[in-house]
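Report on the structure
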Amino acid sequence: ESVVGAIEPSLRKAEIVRDRSKPTENLAAYDCYLRAVAALYQVTLEGHDIAETYLKRAIALDPHYASAKARYAYSFIFRRVQGWARPDDGAEALTRVKEALAEDSDDPLTLARAAMVLTYFAMDYDQAVILADRAVDLDPNSAEVLIASAWVHCFNCANPGKAIEQFTRAMRLSPRDPDTGRAA
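The next point concerns the overall build of the protein chain. Along the protein chain, the regular secondary structure elements total 9 helices and 0 strands. Each helix and strand of the protein chain, ordered N terminal to C terminal, gives the series α-α-α-α-α-α-α-α-α. Considering only intrachain contacts with a sequence separation of at least 6, the fraction spanning at least 24 residues in the protein chain is 60%. Accessible surface, the protein chain: about 9800 Å² in total, of which carbon and sulfur atoms supply 56%.

Here's what the structure looks like:
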């Protein structure tokens, strides 16, 4: 009983978060999205270009696919950090993130990625913090959400203690996650 009592509220909250998000019902778009994610983890320019092609295809197949739009926008940060940026990347990222937020403002990963894009490309720290905090409120157990929020708080410089706490929690939650390296 004590185990069920401890786990049940977390499961219920996870179900609520899952129900709020609006994944695509287009399986071809979802397949493209998954292929893009795999390509991004290659951490190469070629992998990034492949991912971009797949994400564009996913968005073309489902123009309301907020997750694909947010992931696409977020991918431009990596391109910039690696020194592969193109002149119009920032504008494209901001356009896609605005579309993603208009499609689904309740998905924690969409909010977290939007917060990062607003931080990097618009330097709109106030709005980014609002989105990051909302993402954490919706899914406080997502390492990816916590890492994004922590970076937003780092760049905002208003609450470095919160950033450290979130980085630490993300590493504790998912120590083997490939994204956890961004928290170290």
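What follows deals with the pattern of salt bridges. Proximity of charged atoms lets side chains of opposite charge pair with each other. Applying the stated criterion across every chain, the model contains 13 salt bridges. Here R79 ties to D49 by a salt bridge, and the two come within 2.6 Å at their closest N and O atoms. With R79 in helix 4 (residues 66-81) and D49 in helix 3 (residues 45-61), the pair connects residues that are 30 residues apart, well separated along the chain. The class of R79 is buried, set by a relative accessible area of 2%. Note that E92 is salt-bridged to R96, the shortest N-O span being 3.1 Å. Taken together, the residues E92 and R96, both in helix 5 (residues 89-103) and 4 residues apart, mark about one turn of the helix. Among the residues examined, E92 registers a relative accessible area of 25% and is labelled partly exposed. When salt bridges that share partners are traced, they join D49, E52, K56, R79, R86 and D89 into one network.

Counted according to the given criterion, the structure contains 6 aromatic pairs. Residues Y33 and Y65 carry aromatic rings whose centres are separated by 5.6 Å and whose planes lie at 40° to one another, so their mutual orientation is tilted. Taken together, the residues Y33 in helix 2 (residues 27-40) and Y65 in the loop between helix 3 and helix 4 connect sequence positions 32 residues apart. Residue Y33 shares its accessibility class with Y65, and that shared class is buried. With centroids separated by 5.2 Å and ring planes inclined at 75°, the aromatic side chains of W151 and F167 adopt a geometry described as edge-to-face. On the criterion of sequence distance, the pair formed by W151 in helix 8 (residues 143-156) and F167 in helix 9 (residues 160-173) is long-range, its members being 16 residues apart.

This part is about helix 6 (residues 108-122). A rise of 1.5 Å per residue sets the reference length of helix 6, with its 15 residues, at 21 Å; its end C-alpha atoms lie 20 Å apart and thus fit the reference within 8%. Summarising burial for helix 6: 12 of the 15 residues are buried, a large majority. Every buried residue of helix 6 is listed here: P108, T110, L111, A112, R113, A114, A115, M116, V117, L118, T119 and F121. One or two residues past the end of helix 6 sits M123, with phi positive at roughly 55°.

The angle between the axes and the distance between the axes are what describe a pair of packed helices. It is the contact of helix 8 with helix 9, at a shortest axis distance of 8 Å, that shows an interaxial angle of 160°. The orientation of helix 8 relative to helix 9 falls into the category roughly antiparallel. Crossing hand, helix 8 versus helix 9: left-handed. For the pair helix 8 and helix 9, contact is made by A143, L146, I147, S149, A150, W151, H153 and C154 and by K162, A163, Q166, F167, R169, A170 and L173, respectively.

With that settled, the discussion passes to the nonpolar core. Counting 46 residues, the largest nonpolar core has A68, V117, F121 and V152 as the members making the most contacts within it. For this core, the secondary-structure elements that each account for two or more residues are helix 2, helix 3, helix 4, helix 5, helix 6, helix 7 (125-138), helix 8 and helix 9. Here this core takes 8 residues from helix 6, the largest share from any one element. Not counting the four nearest positions on each side in its chain, V152 is found in contact with A115, M116, T119, A128, V129 and A132.

Quick notes on the rules
Residues numbered from 1 in each chain as written. Predicted model: local features only at pLDDT ≥ 70, side-chain atom pairs only at ≥ 80, totals over all residues. Heavy atoms only, no water. Helix = DSSP H or I, 4+ residues; strand = E, 2+ residues; numbered from the N terminus. Contact = heavy atoms within 4.5 Å. Areas by Shrake-Rupley, 256 points an atom, 1.4 Å probe, with all protein chains shown as cover. Salt bridge = Lys/Arg side-chain N within 4 Å of Asp/Glu carboxyl O. Buried < 20%, exposed > 50% of the residue type's maximum accessible area, 1.4 Å probe, protein only. Phe/Tyr/Trp six-rings, centres within 6.5 Å; stacked < 30°, edge-to-face > 60°. Expected span 1.5 Å × (residues − 1). Axes fitted to C-alpha atoms, helices over the stretch in contact; angles between N-to-C directions. Parallel < 35°, antiparallel > 145°, perpendicular 65-115°, else oblique. Left-handed = near helix turned anticlockwise from the far one by under 90°. Core = buried A, V, L, I, M, F, W, Y, C linked by side-chain atoms within 4.5 Å.

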